Every structure is written in C-alpha cells, then in structure tokens.
Amino acid sequence: MCNVPQISDSEWKVMKIVWANKSCTANQVVEVLSENTDWQPQTIRTLINRLVKKGVLNYIVDENDKKTYHYFATVEERQCVKAESQSFLDRVFNGSLKVMMENFVSDSKLSEEDIDELKRILDKKKG
C-alpha cells in the first residue's frame, strides 16, 4: 500500500467534496461546507492548504483568472479509506481483524440479508 498521509476528520469533509466533484475551487468547497458546518471560510481554506502540504490535494491555476485555483485529489478515496481502516484497526484492536469483527457483529443488529452478505464476503475470501 502506498504511504497515504493521515488526514483529520475535518480534512475528510473537504476531501469528500473534492472526490465527489473531481476538481473544485476553494470557493466551491467553502460554499458546500458552509451549508453543513459553522466553519468560517478562512478555516476551510486553511484545511485545503494543509491537504496540499500533505500532498493529498494539488491544484492548477485557472488560465482566465490567475487568482482561482482548481483543486484535485492526488490520492484516491479508496486508498485513504484503506489506510484509515488499517490505522483504526491497529489503534483500537491492536491489528486484530477477528476481535474487531466480533465486536461489531456482537453489538450490531444484523438482518438476514446482512448475515448472508457477510457470509458471501467471507466465502469469497476463503475460496
């Protein structure tokens, strides 16, 4: 797995917007997050800059308006999810997938469909 930098919960919100739109300006990210959070625009721009410094986002300058940057992800969402999942597994369950699964399964209400799907996933992994 490539070395994906750890991103904060706040940075995840920014990344989800960028991943959903492939490319967007800081103003577009501010607009979306202003609807869902009480963050100030400067806070959102700071998060974007942190993600650029971490190498998770990059940008191109708009040819028509040199003050406008179009941000895009340099890491795929699935790569970040995989890295975050492994980090969570390591931190919380000492890397034990079995312990994590036992915890989630025993504490969750699973439908027959959920159980069948889990069995299918495990059978596929087994075979």
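In this report, the structure presented in the accompanying data block is examined. (Residues numbered from 1 in each chain as written. Predicted model: local features only at pLDDT ≥ 70, side-chain atom pairs only at ≥ 80, totals over all residues. Heavy atoms only, no water.)

1. Remarks on the overall build of the chain
For step 1, the next point in the chain: Tallying secondary structure elements over the chain gives six helices and three strands in all.
For step 2, the next point in the chain: Along the chain direction, N to C, the helices and strands of the chain fall in the order α-β-α-α-β-β-α-α-α.
For step 3, the next point in the chain: Relative to the compact-globule value of 14 Å for 127 residues, the chain shows a C-alpha radius of gyration of 19 Å, a clear excess of over 25%.
For step 4, the next point in the chain: In terms of principal-axis extent, the alpha carbons of the chain reach across some 55 × 30 × 25 Å.
For step 5, the next point in the chain: Out of the 127 residues belonging to the chain, those deemed buried represent 24%.
For step 6, the next point in the chain: When the accessible surface of the chain is split by element, carbon and sulfur atoms take 50% of a total near 9,400 Å². (Helix = DSSP H or I, 4+ residues; strand = E, 2+ residues; numbered from the N terminus. Rg over C-alpha atoms; globule rule 2.2 N^0.38 Å. Buried < 20%, exposed > 50% of the residue type's maximum accessible area, 1.4 Å probe, protein only. Areas by Shrake-Rupley, 256 points an atom, 1.4 Å probe, with all protein chains shown as cover.)

2. A few points about the environment of Val 99
For step 1, the next point in the chain: Here Val 99 shows up in helix α5 (residues 97–106).
For step 2, the next point in the chain: Overall, the relative accessible area of 41% leaves Val 99 in the partly exposed class.
For step 3, the next point in the chain: For the pair formed by Val 99 and Gln 28, sequence separation is 71 residues and the distance between their alpha carbons is 41 Å.

3. A few points about the layout of surface pockets
For step 1, the next point in the chain: In this structure, the largest pocket occupies an estimated 280 Å³ of space.
For step 2, the next point in the chain: Along its surface, the largest pocket is lined by Leu 97, Met 101, Val 105, Ile 115, Leu 118, Lys 119, Ile 121, Leu 122 and Lys 125.
For step 3, the next point in the chain: Elements with a minimum of two residues in the lining of the largest pocket: α5 and α6 (112–126).
For step 4, the next point in the chain: Here the lining of the largest pocket gets six residues from one element, more than from any other, and that element is α6.
For step 5, the next point in the chain: When the residues that make up the lining of the largest pocket are grouped by side-chain class, the tally is seven nonpolar, no polar and two charged. (1 Å grid on protein atoms, 1.4 Å probe; cavity = no way out; pocket = protein on both sides within 12 Å on 5 of 7 lines; lining within 4 Å. Points joined across faces, edges and corners; volume = space filled by probe spheres on them. Nonpolar A, V, L, I, M, F, W, Y, C, P; charged D, E, K, R; others polar.)

4. Some details on the sheet that holds strand β1 (residues 24–25)
For step 1, the next point in the chain: Taking strand neighbours across the sheet as the criterion, the three strands line up as β1-β3-β2 in an open arrangement whose pairing is antiparallel. Each edge of the sheet is formed by a strand with only one pairing partner; in this case those strands are β1 and β2 (57–61).
For step 2, the next point in the chain: As paired elements, β2 and strand β3 (residues 69–73) share five bridges and run antiparallel to each other. Counterpart to Ile 60 in the pairing with β3 is His 70.
For step 3, the next point in the chain: With respect to the sheet, helix α1 (residues 9–21) is in contact with β1, β2 and β3, its orientation differing from that of β3 by roughly 95°. (Pairing = 2+ DSSP bridges. Contact = heavy atoms within 4.5 Å. Axes fitted to C-alpha atoms, helices over the stretch in contact; angles between N-to-C directions.)

5. Here we look at the packing of aromatic side chains
For step 1, the next point in the chain: As enumerated under the stated definition, the model contains six aromatic pairs in all.
For step 2, the next point in the chain: Centroid distance Phe 88 to Phe 93: 5.8 Å. Interplanar angle 75°. Geometry classified as edge-to-face.
For step 3, the next point in the chain: Three or more aromatic residues joined by ring pairs make a cluster, and in this case those are Tyr 59, Tyr 69 and Tyr 71. (Phe/Tyr/Trp six-rings, centres within 6.5 Å; stacked < 30°, edge-to-face > 60°.)

6. A word on a negative patch on the surface
For step 1, the next point in the chain: A grouping of Glu 112, Glu 113, Asp 114 and Asp 116 is seen on the molecular surface, where their side chains present a negatively charged patch.
For step 2, the next point in the chain: Here Glu 112 shows up in helix α6.
For step 3, the next point in the chain: Given a relative accessible area of 59%, Glu 112 falls into the exposed group. (Patch = residues over 30% accessible without salt bridge, like charges linked within 9 Å, V, L, I, M, F, W, Y side chains within 5 Å. Salt bridge = Lys/Arg side-chain N within 4 Å of Asp/Glu carboxyl O. Lys, Arg positive; Asp, Glu negative; His and termini not counted. Charge placed at Lys NZ, Arg CZ, Asp CG, Glu CD.)

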